[in-house]
Amino acid sequence: MELFADVALPIPLPDPLTYEIPPAWASQAVTGVRTRVTMGRRRLTGVIVGVHQRRPEGVAIRPIEEVLDRAPVLTADLLELARFVADYYMAPLGEVVRSMLPSDLPPWGDRKVWLTDAGAMALPRSPAETAVVDALREGGRMSVAELQARSGLPDLDEVLALLAEGGRIGSEAHRSRSARYVNAVELAPGDLSAHLAAAGRSAAGRGVVDYLAAVGRPATVAEVAAAVGCTPAVLRRLVGKGVLRQFTQVERLSLGRHILGLPEKDQEIVLRDDQAHALRRITEILDRREFAPLLLQGMTGSGKTEVYLRAAEETLARGRSAILLVPEIALVPALARTVERRFGGELAILHSGLGTGERHQEWERVRRGEARLVLGPRSALFAPVADLGLVVVDEEQDSSYKQEIDPRYNARDLALVRGRDAGAVTLLVSATPSLESRFNAERGKLELLRLTERAGPGTLPEGILVDLREEGVSRRPGEVHFSERLQLEIRQAIADGDQVILLRNRRGYAPMLLCRACGEDFRCPDCGLPRTFHRRDRRLVCHYCGNMIPAPARCPVCSEEALEAIGAGTERVEEDFKELFPGVTVDVLDRDTARRPGGLAALLERFGRGEIQVLIGTQMVSKGHHFPNVALTAVLAADAYLGFPDFRAVERTYNLLTQVAGRAGRGERPGRVVIQTYHPDHYAIQAALRQDDEGFAREEMRFRRVFHYPPYTRMVQILVRDKSRDKAQGIIAGLAAELAAHPLGRGVRLSGPAPAPLERLRGQWRFQLLARTANFRDLHRLLKEVLPKNPGYDLVVDVDPQQLL
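Each chain has its residues counted from 1, running along the sequence as written. Local features are withheld for residues below a pLDDT of 70 in this predicted model, meaning they are given only at 70 or higher, and side-chain atom pairs are given and counted only at 80 or more; totals for whole chains, interfaces and linings count all residues. To obtain the side-chain values, all non-hydrogen atoms of the structure were used and water was disregarded.

**Remarks on the overall build of the chain**
So, point 1. Numbering of helices and strands runs from the N terminus; a helix is a DSSP stretch of H or I covering at least four residues, while a strand is a stretch of E covering at least two. Counting its secondary structure elements, the chain contains 25 helices and 33 strands.
So, point 2. Here the globule rule is a power law, 2.2 Å times the number of residues to the power 0.38, and the radius of gyration is based on C-alpha atoms. The C-alpha radius of gyration computed for the chain amounts to 30 Å, which stays within 12% of the reference 28 Å derived for 805 residues, consistent with globular compactness.
So, point 3. Within the chain, buried positions represent 54% of all 805 residues.
So, point 4. For the chain, the exposed area adds up to about 34500 Å²; of that, 49% sits on carbon and sulfur atoms.
So, point 5. This count recognises Lys and Arg as positive and Asp and Glu as negative, with His and chain-terminal groups excluded. By convention, charge coordinates are those of NZ in Lys, CZ in Arg, CG in Asp, or CD in Glu. Here the chain carries 109 positive and 105 negative side-chain charges, and the mean point of each set is 2 Å from the other. Each residue is assigned to one of three classes by its accessible area relative to the maximum for its type, calculated with a 1.4 Å probe on protein chains only: buried under 20%, partly exposed between the two thresholds, exposed over 50%. Throughout, the Shrake-Rupley method with a 1.4 Å probe supplies accessible areas, and for residues the shown protein chains are the sole cover considered.

**Section: the packing of aromatic side chains**
So, point 1. Ring geometry is summarised as follows: Phe, Tyr and Trp rings, the Trp one being its six-membered ring, pair when their centres sit within 6.5 Å, and such pairs are stacked at plane angles under 30 degrees, edge-to-face over 60 and tilted between the two. Considering all chains together, one arrives at 14 aromatic pairs under this definition.
So, point 2. Ring centres 6.3 Å apart and planes at 50 degrees place the aromatic pair F482 and F577 in the tilted group. One end of the pair, F482, is in the loop between β19 (462-467) and α17 (484-495); the other, F577, is in helix α18 (residues 570-580), with 95 residues separating them in the sequence.
So, point 3. Taking relative accessible area as the criterion, F482 reaches 5% and is therefore assigned buried.
So, point 4. With a centroid separation of 5.4 Å and an interplanar angle of 50 degrees, the aromatic rings of F703 and F707 are classed as tilted.
So, point 5. Assessed through its relative accessible area of 26%, F703 is described here as partly exposed.
So, point 6. Three or more aromatic residues link up through ring pairs in this structure, and these residues are F84, Y88, Y89 and F776.
So, point 7. In this structure, R714 is placed above the aromatic ring of F776, and the distance from its NZ or CZ to the ring centre is 4.3 Å.
So, point 8. Its guanidinium or amino end placed over the ring of W765, R725 lies 5.6 Å from that ring's centre, counting from NZ or CZ. Comment: the charge-over-ring label is applied if NZ (Lys) or CZ (Arg) is within 6 Å of the ring centre and within 35 degrees of the ring normal.

**Observations regarding the sheet that holds strand β15 (residues 373-376)**
In a beta sheet, neighbouring strands pair by backbone hydrogen bonds and run either parallel or antiparallel.
So, point 1. Each pair of strands is called paired provided DSSP finds at least two bridges between the two strands. A sheet is described by the order of its strands in space; here seven strands give the open sequence β14-β15-β13-β16-β17-β12-β18, paired in parallel fashion. Taken across any chain shown, the strands that pair with only one partner, and hence form the sheet edges, are β14 (347-349) and β18 (447-451). When strand polarity is set aside, the average angle formed by the axes of neighbouring strands in this sheet is 20 degrees.
So, point 2. Both strand β16 (residues 388-394) and strand β17 (residues 425-430) contribute to a ladder of five bridges, which runs parallel. Counted as the bridge partner of V393 is L428 from β17.
So, point 3. Contacts from helix α14 (residues 356-367) reach β14 and β15, with the element oriented near 140 degrees to β14. Lines are fitted to the C-alpha atoms to define the axes, a helix being fitted only along its stretch in contact, and any angle between axes, read from their N-to-C directions, falls within 0 to 180 degrees. Two residues form a contact once any of their heavy atoms are found within 4.5 Å.

**Describing the pattern of salt bridges**
So, point 1. Salt bridges are defined as contacts in which a side-chain nitrogen from Lys or Arg sits within 4 Å of a carboxyl oxygen from Asp or Glu. A complete count under the given rule lists 64 salt bridges for this structure.
So, point 2. For R672, the salt bridge goes to E489, with nearest N and O atoms at 2.6 Å. Pair noted here: R672 is in strand β29 (residues 672-677) and E489 is in helix α17, with a separation of 183 residues, a long-range link.
So, point 3. Given the relative accessible area of 8%, E489 is considered buried.
So, point 4. Members of the salt-bridge network, linked through shared partners, are E186, R245, E364, R367 and R368.

**Quick look at the side chain of T35**
So, point 1. Note that T35 resides in strand β3 (residues 34-39).
So, point 2. Contacts described as polar in this section are N or O atom pairs within 3.5 Å, which, within protein, must combine one atom able to donate a hydrogen with one able to accept it, while residues neighboring in sequence count only if both atoms come from side chains. Looking at T35, its side chain comes within polar contact range of the main-chain oxygen of E66, at 2.8 Å.
So, point 3. Apart from residues no more than four positions distant in its own chain, T35 is found in contact with V7, L44, T45, G46, I48, I64, E66, V67 and L68.

**Concerning the packing of helix α22 (residues 683-690) against helix α23 (residues 693-706)**
So, point 1. Close contact between α22 and α23 brings their axes to 8 Å; oriented N to C, the two are set at 165 degrees. The pairing of α22 with α23 is recorded here as roughly antiparallel in orientation. Judged by the twist between their axes, the crossing of α22 over α23 is left-handed. Across the interface between the two elements, Y683, A684 and A687 of α22 pack against F696, E699 and E700 of α23. Oblique is the label for every angle not falling under 35 degrees (roughly parallel), over 145 degrees (roughly antiparallel), or within 65 to 115 degrees (roughly perpendicular). Handedness of a crossing follows from how the near helix is turned relative to the far one, being left-handed for an anticlockwise turn of less than a right angle and right-handed for a clockwise one.

**Details of the sheet that holds strand β7 (residues 142-143)**
So, point 1. Ordered in space as β7-β6-β8, the three strands form an open sheet in which the pairing is antiparallel. Whereas interior strands pair on both sides, the edge strands pair on one side only; in this sheet they are β7 and β8 (169-172).
So, point 2. Alignment of strand β6 (residues 112-115) against β8, held across four bridges, turns out to be antiparallel. If you follow L115 over to β8, its bridge partner there is I169.
So, point 3. Against the sheet, helix α4 (residues 127-139) touches β6, β7 and β8, its axis set at about 95 degrees to β6.

**Topic: the packing of α4 against helix α5 (residues 144-151)**
So, point 1. Between α4 and α5, whose axes approach to 10 Å, the crossing angle comes to 115 degrees. The interaxial crossing formed by α4 with α5 has right-handed handedness. Residues A131, V132, A135, L136, E138 and G139 of α4 lie in contact with α5, whose contacting residues are L147, R150 and S151.
So, point 2. Under the scheme applied, nonpolar residues are Ala, Val, Leu, Ile, Met, Phe, Trp, Tyr, Cys and Pro; charged residues are Asp, Glu, Lys and Arg; polar residues are all the others, including Gly. Tallied by class, the residues present in the contact of α4 with α5 amount to five nonpolar, two polar and two charged.

**Considering the side chain of D800**
So, point 1. As for its placement among the helices and strands, D800 is situated in the segment after β33 (794-799).
So, point 2. There is a polar contact of 3.2 Å between the side chain of D800 and the side chain of R714.

**Considering the nonpolar core**
So, point 1. In these notes, a set of buried Ala, Val, Leu, Ile, Met, Phe, Trp, Tyr and Cys residues joined through side-chain atoms within 4.5 Å is what counts as a nonpolar core. Residues L414 and I718 are the most contacted members of the largest nonpolar core, which totals 71 residues.
So, point 2. Of all the elements, helix α1 (residues 76-88) adds the most residues to this core, at seven residues.
So, point 3. When near neighbours in sequence (up to four residues on either side) are disregarded, L414 contacts L81, F84, V85, Y89, L381, F382 and Y409.
So, point 4. Counting 36 residues, the second largest nonpolar core, distinct from the first, contains V326, L331, F343 and L427.

**Side note on unusual backbone geometry**
So, point 1. With an omega dihedral of -5 degrees, the bond running from D406 to P407 counts as a cis peptide bond.
So, point 2. Here P407 is to be found in the loop between β16 and α15 (411-422).
So, point 3. Residue P753 is reached from G752 by a cis peptide bond, and omega for that bond is 10 degrees.
So, point 4. For P753, the position within the fold is in strand β31 (residues 749-761).
So, point 5. Even without a glycine there, the phi angle at M90 is positive, about 55 degrees.

The following block contains the structure:
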């Protein structure tokens, strides 16, 4: 019987490719495992997404070369989610699957085996052993994958275990530079009594079976041997009998550098009535094992985290799993500390800031059922948990949940899809919910749970508005000013022993280095935008493509020593602060800090201990942090987002101001927030100052409704990129004409085509077209019928875009 596999490859192909499954791999080539194949002259690793007996007609079919896994790495529910993402976001399935899996997972078949002298002299005890011995005699030292291809044995693991037990073969596990691997075992499928019977009279063998049945999960060979008091030979014998299955897993590494180490006082938190009501509602739904989309809204500091952590406790107590999503890696260390204290070894952390070995370890712990609570940013949504009962999306309004490279999914929206498919509670959490979530709550698509008070002794901070137009100080464009009122508030906070957080949402020293003699501004040759000056590292960096050059001492064009930094980022704010407040300890939290290994957790820990009095940072300082000694926060330039050519700019401004204000006044001392602005009468700034959340939402919703923006319509951004400006412009114009002429396009509002706000990035010209409609189903059909599957040019389709730059 011929078998064929549909393989999703990590390249922009519209559909999976079909390969033949050789008989040697027939038992291992199942849906969800990785396989190596050849495409053209390239050797690629893909995932099998379907197995069938239909030979494609009219094309030559190549065979798969090897199967890399003994069990699926992509579970059936995640594969179904991948298909949804590929269809909804119009992305290649192979690229979706790649984004769901950790990179460089160790293949099962990389372990090397060879025939020992004893094995060469001994007589094989079965036909299977004969096949293995003959293959090793002929081929010498080889990988298990090669041996599988030569022998075609469905039970190769058991045969190798018996040969190893008798000393007839030697083996050596594949070693990665960053990950360490150990042998582990688990009970084979079957009845426990049958396993005990197969173990025979051996007390040690029966003890191994009893131990693995009791812990209910796989365990390393070392762990089982130590717990039972036996040698590894006992386990090898049970593998040979088919009682156990042996595999290789990543050795457990310490994640201490990714977890904030501050001690917390052990105190029982008594829930307020509104918190208790929200928790009761969640547990009621958990008991029914139903999908429920919920929105937990409460002012900053109202105890939302306590509610969802108790919901996670209830979920795990019912034998189910939970996923906790945060928008940025910067929020993981502090929350991981709290979660680890409550849940211990049940916690797994998944994010790109982990080392390769750490990522493999945590992912394997989740897949094996050792960890049932997963914490991380958007990619953690794809953790291979079993029996998912709760998905929490903290700070659900944050645009970081939207991936800005293919596949361009929104983890907040996919959390609802995964929760629906799993019959799980999906809890969106925010002090300032997105307008889409507010809209859905008003229409009954989300059930709203409100928290109306601050937790503990904390109170909402006093708002102080500084009109920079009245400061009367001559400043260059982009320069950040410490107003007299702000300086007074900082001095008062320092004198009282309080801590201060200052927000400047731009990293580096200055956004531009300008020659005052000739006008040279060191623009990036690929993006056409000035490079940002990083004075600490003496370099000029394009923040869009990463192009970097050393910062010169004199202008390379005119040779004059007339270079001047224009504007201010976090580094310059720190420098100005030290001049104004000498002797005050200060540090910076931004993306540059977060990229240093362990630097993020260490910095937050020092601030939490009070070793740092003032923390300057980008938006990373504004969300999720709980520092009771912070009595003053300040927004140095509240207008930074308002001028962005993006319909969400005002919403982002309001959210940022509200979040940074919420870092103050969480302890016993009252808090204050200073907002410096050139637009003091803007409704977003006024609403943040007065803590008028409903007033802001009402005004912003009116704007969105009048101009047909989401949430009243659905939007898709179509972007064409090319090194030739004329070619990009011509292609987008042709697509616009086709869309407008199509019958399904009658109810679609098209804006453009036009140059994108950032017209050239990474050496490519960018032209965009925005499509809006209230009927998304027809728009989706329209795009699928008009847009080419294999365009032959750089086409980006962004469904539900979060930014239009």
